[in-house]
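Listed below are the residues making up each chain.
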Amino acid sequence: MEIVLSGIRSTGHLHLGNYYGALRNYIKMQDNYNCFFFIADLHSLTTHPHPDDFHAGVRTILAEYLASGLDPEKSAIFVQSDVPEILELYILLNMISYKGELERTTSFKDKVRQQPDNINAGLLTYPVLMASDILIHRANLVPVGKDQEQHLEMARVLARRFNTFYNSPVFPEPKAFNFGDDLVKVPGLDGSGKMGKSEGNGIYLCDDEQTIRKKVMKAVTDSGPTEPNSPMPDSVANLFTLLNIVSKKESVAHFMESYNNCTIRYGDLKKQLAEDICAQTLPIKARIEEIYKDEDYLRKVVKRGTDLARESANATLKEVRKAVGFRSFLNSDD
Ligand code: ADP
Ligand code: TRP
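Residues numbered from 1 in each chain as written. Chains lettered and ligands numbered in written order. Predicted model: local features only at pLDDT ≥ 70, side-chain atom pairs only at ≥ 80, totals over all residues. Heavy atoms only, no water.

A. The layout of surface pockets, seen in detail. Counted as a void, the largest pocket has a volume near 1200 Å³. Lining of the largest pocket is provided by 45 residues; of these, Arg9, Tyr126, Asp147, Gln148 and Lys194 occupy positions nearest its centre. Among the elements of the structure, strand S1 (3–9), helix H1 (16–29), strand S2 (34–40), helix H6 (106–114), helix H8 (126–135), strand S4 (141–143) and helix H9 (149–165) are those that each provide at least two residues to the lining of the largest pocket. Among the elements that take part in the lining of the largest pocket, H6 stands out by supplying six residues, more than any other. Split into classes, the residues belonging to the lining of the largest pocket amount to 18 nonpolar, 17 polar and 10 charged. Its boundaries defined by the atoms lining it, the second largest pocket holds a volume of some 300 Å³. Lining the second largest pocket are 18 residues, with Ser10, Thr11, Gly12, Thr47 and Pro49 positioned closest to its centre. It is helix H3 (residues 51–68) that provides the largest number of residues to the lining of the second largest pocket, a total of five residues. (1 Å grid on protein atoms, 1.4 Å probe; cavity = no way out; pocket = protein on both sides within 12 Å on 5 of 7 lines; lining within 4 Å. Points joined across faces, edges and corners; volume = space filled by probe spheres on them. Helix = DSSP H or I, 4+ residues; strand = E, 2+ residues; numbered from the N terminus. Nonpolar A, V, L, I, M, F, W, Y, C, P; charged D, E, K, R; others polar.)

B. Structural context of the pattern of salt bridges. Tallied over the entire structure, the rule returns 17 salt bridges. Of the charged contacts in the structure, one is a salt bridge between Asp147 and Lys194, with a shortest N-O distance of 3.1 Å. With Asp147 in the loop between S4 and H9 and Lys194 in the loop between strand S5 (175–177) and helix H10 (209–217), this pair connects stretches of sequence that are 47 residues apart. The exposure class assigned to Asp147 is partly exposed, which follows from its relative accessible area of 44%. Note on Lys194: relative accessible area 31%, which makes it partly exposed. (Salt bridge = Lys/Arg side-chain N within 4 Å of Asp/Glu carboxyl O. Buried < 20%, exposed > 50% of the residue type's maximum accessible area, 1.4 Å probe, protein only.)

C. Representation of the site of ligand 2 in the model. Among the 14 residues in the neighbourhood of ligand 2, the closest are listed as His43, Tyr126, Met130, Asp133 and Gln148. Between ligand 2 and Tyr126, the relevant distance is 2.7 Å, taken from a nitrogen atom to a side-chain nitrogen or oxygen of the residue. Taking Gln148, its side chain carries an N or O atom lying 3.1 Å from a nitrogen atom of ligand 2. A total of 360 Å² of accessible area belongs to ligand 2 in isolation, and the protein chains cover 91% of it. The pocket occupied by ligand 2, as judged from atoms lying within 2 Å of grid points, is the largest pocket. Within the residue set of the shell around ligand 2, elements represented by two or more residues are S1, S2 and H8. Residues belonging to the shell around ligand 2 are distributed by class as follows: eight nonpolar, four polar and two charged. (Near = heavy atom within 4 Å. Polar contact = N/O pair within 3.5 Å; in protein donor to acceptor, adjacent residues only side chain to side chain. Areas by Shrake-Rupley, 256 points an atom, 1.4 Å probe, with all protein chains shown as cover. Sits in = over half its atoms within 2 Å of the grid points.)

D. Geometry of unusual backbone geometry. The backbone of His48 shows a phi angle near 55 degrees, a positive value even though the residue is not glycine. One can find His48 in the loop between helix H2 (41–44) and H3. Residues other than glycine seldom take positive phi values, yet Arg138 does so here, at roughly 50 degrees. A relative accessible area of 26% places Arg138 in the partly exposed class.

E. A look at the packing of aromatic side chains. Under the defined criterion, the tally for this structure stands at 10 aromatic pairs. Measuring from ring centre to ring centre gives 4.9 Å for Tyr19 and Tyr20, while their planes differ by 85 degrees; the resulting arrangement is edge-to-face. In this pair, the class of Tyr19 matches that of Tyr20, namely buried. Plain terms: the ring middles of Phe162 and Tyr166 are 4.7 Å apart, the flat faces sit at 50 degrees to each other, and that makes the pair tilted. Judged by relative accessible area, which is 0%, Phe162 ranks as buried. A relative accessible area of 21% means that Tyr166 is categorised as partly exposed. Arg59 extends its terminal NZ or CZ atom over the ring of Tyr292, reaching a point 5.0 Å from the ring centre. (Phe/Tyr/Trp six-rings, centres within 6.5 Å; stacked < 30°, edge-to-face > 60°. Lys NZ or Arg CZ within 6 Å of the ring centre and 35° of its normal.)

F. How the structure looks around the site of ligand 1. Taken together, 18 residues form the shell around ligand 1, and within it Arg9, His15, Asp147, Val186 and Met195 come nearest. Contact between ligand 1 and Gly145: an oxygen atom at 2.8 Å from a main-chain N or O atom of the residue. In the environment of ligand 1, an oxygen atom lies 2.5 Å from a nitrogen or oxygen atom belonging to the side chain of Asp147. In isolation ligand 1 offers 530 Å² of accessible surface; the protein chains occlude 96% of this area. Taken together, the elements giving at least two residues each to the shell around ligand 1 come down to S1 and H1. Among the elements that line the shell around ligand 1, the one with the most residues is H1, at four residues.

G. Expanded view of the nonpolar core. Among the nonpolar cores identified, the biggest contains 57 residues, and Leu23 and Tyr65 are the most heavily contacted of them. With nine residues, the single largest contributor to this core is helix H13 (residues 266–293). Counting the residues that make up this core, at least three belong to each of domain 1 (3–184 + 295–324) and domain 2 (209–289). Every residue in contact with Tyr65, bar those within four places of it in the chain, is listed here: Gly7, Ile8, Leu14, Leu23, Tyr26, Phe38, Ile39, Leu70 and Ile77. Residues Ile3, Phe108, Val142 and Ala155 belong to the second largest nonpolar core, which totals 41 residues. (Core = buried A, V, L, I, M, F, W, Y, C linked by side-chain atoms within 4.5 Å. Domains from an automatic or database assignment. Contact = heavy atoms within 4.5 Å.)

Have a look at this one:
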């Protein structure tokens, strides 16, 4: 069975971008693959969260994973920092990762621009840690949104490079995965780029109905097309992208036609969009709080997931150590 791995950083509540770009694929993959899903708490340290909030952030993602339908009986669900094997692989992969290629990563260049006072080494080697998360389980498929394409490419490069460098075929090359043909990019409703936790433009799985309606009704548009088949401004195209993701084909076709013949009323489109988002997210929201409070259940889920993850990670590390040339004086089976 092919191995699937993915994770989300514990940097806030999950939004529609996380759900449609990543989590919905995780849920669909559970029955047909050997799945590992985790919370990337170490990755979230690059932005220095306050220690008092750190654990709650991890617990939030865990509860939202489970409320969305990740099933601990089917998938190994764990927290990155509970699997120290990842960090051993990280240090080894750092030795075959080069400063130039890391500096050229788009996400690093973005961070340099966004947080010039905190360009730490963890940011530079972020893709190496991510490659370790993936390669430690020798994963074949990695369900992620479009923004992670370049990081996945780095994981593939490192897998190939390790295999060649040490002349041992330890790692398969992991592929980015989405059930459609293309990776998904969920836009923000503020007329610009992607929906993101740090962009402040998210519609969250834990939002209530009124909040969702308000956010959608406030979405940026223009004054409407005045000529048939006019090109769409980005803000309106974003609304259609979201409609395509959450609504029925007939609704999309209906609003597209009314855009093209200039009869569109953005208010109606937004109402429909809000309704269709609510239909998907409110049942999830209803489950989040109860799961979040259930300490016993969360502990059981993570215990089972961590055991499975460490077993898989240890098996890989054994191969890795052998390939690199380690032989311990302390352990005669190494
Ligand atoms: P964020 O970008 O909100 O901080 P993460 O970086 O932890 O969240 O992303 C976790 C997963 O969600 C990744 O697979 C990422 O590709 C996906 N993702 C995040 N935002 C979007 C988006 N707007 N569209 C599609 N996928 C997204
Ligand atoms: N870098 C990913 C993000 O920001 C999160 C992540 C960390 C991840 N390790 C991973 C995703 C391994 C997939 C596989 O979205």
